[in-house]
Amino acid sequence: MRDSDRSDTALAEELALLLRLRRHATAAALAAAAPPEAITPATRCLEARALLRLDRHEDALAALRRVPLQSDHRREAMLIRARIHLDRGERKTGIALLQLLARGEDTWAGIARSMLAKR
């Protein structure tokens, strides 16, 4: 394993821990200060989750725009986008994203279906 692979994993693990501890501001600051080589699609999604919890919707969307469409994390990013739109009162856009996600057969589809059932 390359050193950069270890640092990518360490950053993602640290961000995930900070989110579990509800230290959203610390997680957002850590992600913002991380060197570019440590940033991955997973860390962008974690950063966006922290920013969402801080009601920094535009910053969260900016982080998600940097998740490549071919990334394994694109569906997670779509779910976070849906939550942002719903939080901002943009129900039509949020529901549309959830409906797209719900068509799949993965974890994100299940979460999207659950969220749609509650609406």
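Remember, predicted model here, so these are calculated numbers, not experimental data.

### Focus: helix H5 (residues 74-87)
In an α-helix, one turn spans 3.6 residues, which is why side chains three or four residues apart end up on the same side.
And step 1. For H5, built from 14 residues, the straight-helix expectation of 20 Å at 1.5 Å per residue is met to within 8% by its first-to-last C-alpha distance of 20 Å.
And step 2. Buried residues along H5 sit against helix H3 (41-53), helix H4 (57-65), helix H6 (91-102) and helix H7 (107-117).
And step 3. Just past H5, the residue Gly89 takes up positive phi, approximately 80 degrees.

### Regarding the pattern of salt bridges
And step 1. Across all of its chains, the model carries six salt bridges by this definition.
And step 2. Here Arg56 ties to Asp59 by a salt bridge, and the two come within 2.9 Å at their closest N and O atoms.
And step 3. For Arg56, a relative accessible area of 39% gives the class partly exposed.
And step 4. When salt bridges with common partners are traced through the structure, they connect Glu58, Arg88 and Glu90 into a single cluster.

### Concerning the nonpolar core
And step 1. Ranked by size, the top nonpolar core spans 26 residues in total, and within it Leu64, Ile80 and Ile84 carry the most contacts.
And step 2. Sorting the residues of this core by element identifies helix H1 (3-20), helix H2 (24-33), H3, H4 and H5 as the ones contributing at least two each.
And step 3. Setting aside residues no more than four positions away along its own chain, Leu64 makes contact with Cys45, Ala48, Ala77, Ile80, Arg81 and Ile84.
And step 4. Core analysis: the second largest hydrophobic core is formed by 10 residues, Ile95, Leu97, Leu98 and Leu101 among them.

What counts, and at which threshold
- Residues numbered from 1 in each chain as written.
- Predicted model: local features only at pLDDT ≥ 70, side-chain atom pairs only at ≥ 80, totals over all residues.
- Heavy atoms only, no water.
- Helix = DSSP H or I, 4+ residues; strand = E, 2+ residues; numbered from the N terminus.
- Expected span 1.5 Å × (residues − 1).
- Contact = heavy atoms within 4.5 Å.
- Salt bridge = Lys/Arg side-chain N within 4 Å of Asp/Glu carboxyl O.
- Buried < 20%, exposed > 50% of the residue type's maximum accessible area, 1.4 Å probe, protein only.
- Core = buried A, V, L, I, M, F, W, Y, C linked by side-chain atoms within 4.5 Å.

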